[in-house]
2 protein chains.
Amino acid sequence: MTSSDTELTFEQKLQHYADLAVRVGLGLRAGQRVLVQAPVEAAPLARAVVRSAYEAGASFADVRWDDDDVQKARFELAPEGSFETISRWRVDAELEVANDAGAVIAIRATDPGLHAAADPQKLAQHQRALATYRKPYSLQVMTNQLNWNLITAPLPGSARLIFPDVPVEQAVKQYWEAIFKAARADQPDPIAAWQEHLDKLHARKKILTDKQYHALHFKGGGTDLTVGLAEDHIWGGGTSLTPSGIEFTANIPTEEVWTAPHRERVEGTVVSTKPLSYNGVLISGIRIRFEGGRVVEASAESGQDVLRELIATDEGSHRLGEVALVPHSSPISQSGLFFYNTLYDENAASHIAIGSAYRFNIEGGVESSETFAAKGGNDSLLHVDWMIGSAEMDVDGLTQDGQREAVMRAGEFVI
Amino acid sequence: MTSSDTELTFEQKLQHYADLAVRVGLGLRAGQRVLVQAPVEAAPLARAVVRSAYEAGASFADVRWDDDDVQKARFELAPEGSFETISRWRVDAELEVANDAGAVIAIRATDPGLHAAADPQKLAQHQRALATYRKPYSLQVMTNQLNWNLITAPLPGSARLIFPDVPVEQAVKQYWEAIFKAARADQPDPIAAWQEHLDKLHARKKILTDKQYHALHFKGGGTDLTVGLAEDHIWGGGTSLTPSGIEFTANIPTEEVWTAPHRERVEGTVVSTKPLSYNGVLISGIRIRFEGGRVVEASAESGQDVLRELIATDEGSHRLGEVALVPHSSPISQSGLFFYNTLYDENAASHIAIGSAYRFNIEGGVESSETFAAKGGNDSLLHVDWMIGSAEMDVDGLTQDGQREAVMRAGEFVI
Ligand SMILES: [Zn+2]
Ligand SMILES: [Zn+2]
Ligand SMILES: [Zn+2]
Ligand SMILES: [Zn+2]
């Protein structure tokens, strides 16, 4: 038997990927309603997810489609003063399904250069209006009230950037293969492969939660940053649990363990190690200095205006809502590819997020906003991850009694 | 100069078509918000409409996409008892834009064989639940509260049926050309061509409204049907007017003039002259007998179950809500093509509709439901047009004082 006998076809891998999103990603419970969010250009994957959902027992699956070009036309052509209008029905779709005990899968893919020429202020106005209207749904996500999952699909725009040396059809194919590999959809029994992987993440989050470090100290490649951790913080990683007991994996792939920083105890300077692809604008060479948990200086080599508008959104967008550890040896990092897609790139490197913390990362935070805030949890309209890890990064854990322990060395876990 | 020098490119014709939908179809007023409804497979047209809307002054344009395959998967795979669940957000999108003084363009296209294998009862359950939730929006449409427009785009499934003898890519191209021709998008100045056409329809609807016939009598090719007309009925045709004075053309193309039958005064037998493509099922060879305005016998050579479920929807779906006159010499009829798409096929032949009448077809009907009903207007969750005209059809107008006047002979207007 030659190796090609055992290789899966594209259709088989697509099917695996859709099944993973539904079964591992959502942990779909029979009878649940499903909302798929998908770019029009990802129609074949969206349709496969819908069919896979029905096969896993969904009562009803519908797709809320979106389209880059329609978005682009708006920021090119719409009149001044119109950017705070949003399609409320798009958000209502999420709320309707969440309130109906349903599940939401998003195929997240945007052309990284989509809004390169757009006015950063218009983008920020729109983003703020959208996030404000979306707050009740975001809160459900932040408190694990529903099972949800993010996957991706290649768009020609990103494929061209990731694989610049081949024709675009070939680039899309290679992007698909990278996705299948990172998602373990290329394996004969992907669900078993995921079980093994999730077990490792679960062990790691338990160790870190038990440690209850007072802070983490990141040092390397221009970064010297101390991130205080919230009181009674809980590390997330692998699967999460809804109130009704559904175990789901919010991101496919996922390589991170993460928790909630203390919003008032972040000090020092941090530099990004990979660009951030944010809503169709590429922000690279980010350098931010924190004092008392708050951004006091922020610059970027490109996309600086967009970065500053982002930070200016509200008080919470001046502070951190997530700190995440990812080994440099993670498969996505080892692929050597930059995906221009946070879902992938945040799983290639340790990262932090500006904006809201997940409520479930603090004990009692889901039950009470007051407890969440009192223990140092941050609240904002935004949650934007960006990458700070590299092969040069050392991370120390500072214990409650002032000791210093090695957590990562040269980008790898040592605990 | 050869003829090919003056022929428009595909992109130019697509642009004309999009502009027609926005400027003639919606009569878009600057500052209006626009909702486009489009199948994923019609993305190039939907994007052109969005850009055209901004160029005509839209404040914001978004697309509510849908997809045949997602619909098909549901009726193949979803469990029993789940078909009354609808995506309320899809209807809310229409209401949101209508309530915001916006305009709605729908690209109507469904594979005619989509639900050929589906259970008619499940389809009917779903249709009823959807129409019930959609009633407040339908009422806005039926009373001209907003400017709206229907256009179409080829889907491979329909193209294959219309042009069975050529490869599907070629069939899609030929379908596009037929659309451009019927919509006058192939003309150098399509808006001027529309103005001329609309003037003719306006003259015709005025003549018929002034006549105030008590009834129309259709005879020919198996049909012998008397359709009483509502008291103080108004003939529609060409453009309509919203309360804020926007003049719009609800269908592109449009060749009909139509009015409201009296729901209790329809007598005799009518047979369809073309199949009806209804929600992905083809119903052909329809034969219906009316007594006192109500269906008393209904059969079809194919799709009979779906027809009967449709008629059983409510009391109003046993009665007529529209009678429309279209000359057999209409361009769509002369193309010799059957489009499997009511928007086109109803403009190739005189037709009637089962279900609701348009409120504006009866004087006082927009202002008062009571007046509308008292004058003979019909109300239902549905409004389904089907074709009864042909080159053999004679139509007489029966005057209030019992005279008989020739309105059409052998399918052509004689008044
Ligand atoms: Zn993260
Ligand atoms: Zn994050
Ligand atoms: Zn009609
Ligand atoms: Zn009609």
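Cut-offs and rules
Residues numbered from 1 in each chain as written. Chains lettered and ligands numbered in written order. Predicted model: local features only at pLDDT ≥ 70, side-chain atom pairs only at ≥ 80, totals over all residues. Heavy atoms only, no water. Pairing = 2+ DSSP bridges. Helix = DSSP H or I, 4+ residues; strand = E, 2+ residues; numbered from the N terminus. Contact = heavy atoms within 4.5 Å. Axes fitted to C-alpha atoms, helices over the stretch in contact; angles between N-to-C directions. Buried < 20%, exposed > 50% of the residue type's maximum accessible area, 1.4 Å probe, protein only. Polar contact = N/O pair within 3.5 Å; in protein donor to acceptor, adjacent residues only side chain to side chain.

### Brief notes about the sheet that holds strand β15 (residues 294-299) of chain A
Residues and elements named next belong to chain A. Strands sit in the order β15-β14-β11-β6-β5-β19-β20-β21 across an open sheet of 8 strands; the sheet is antiparallel. Each edge of the open sheet is held by one strand with a lone partner, namely β15 and β21 (412-413). Alignment of strand β6 (residues 223-229) against strand β11 (residues 261-271), held across 5 bridges, turns out to be antiparallel. Within the sheet, the bridge partner assigned to Thr 226 lies in β11 and is Glu 267. Strands β14 (287-291) and β15 of the sheet are contacted by helix α10 (residues 304-311), whose axis makes an angle of about 165 degrees with β15.

### A few points about the pairing of strand β14 (residues 287-291) of chain B
Residues and elements named next belong to chain B. Burial of the side chains of β14 is restricted to one face: Ile 288 and Phe 290 are buried, whereas none of Arg 287, Arg 289 and Glu 291 on the reverse face is. One ladder, built from 4 bridges, connects strand β11 (residues 261-271) with β14; its direction is antiparallel. Residue pairing for β14: Thr 269 is matched across the bridge by Arg 289. Looking at chain direction, β14 and strand β15 (residues 294-299) are connected through 5 bridges and run antiparallel. Across the sheet, Arg 289 pairs through a bridge with Glu 297, a residue of β15. Counting the residues in the hairpin turn of β14 and β15 gives 2 residues, including Gly 292, whose phi is positive at 60 degrees.

### Let's talk about the side chain of B:Ser380
Residue and element names in this part refer to chain B. Its location among the elements puts Ser 380 in the loop between α13 (369-374) and β18 (383-387). Among the polar contacts made by the side chain of Ser 380, one reaches the main-chain amide nitrogen of Leu 382 at a distance of 3.0 Å. Ignoring any residue separated from it by four or fewer positions in sequence, one finds Ser 380 in contact with Lys 135, Asp 314, Gly 316, Ser 317, Gly 355 and Ser 356.

### Digging into the side chain of A:His262
Locating A:His262 in the fold gives a position in strand β11. Residues contacting A:His262, with those up to four places away along its chain left out, are A:Gly228, A:Leu229, A:Ala230, A:Lys375 and A:Gly376.

These figures come from the coordinates and say nothing about function on their own.
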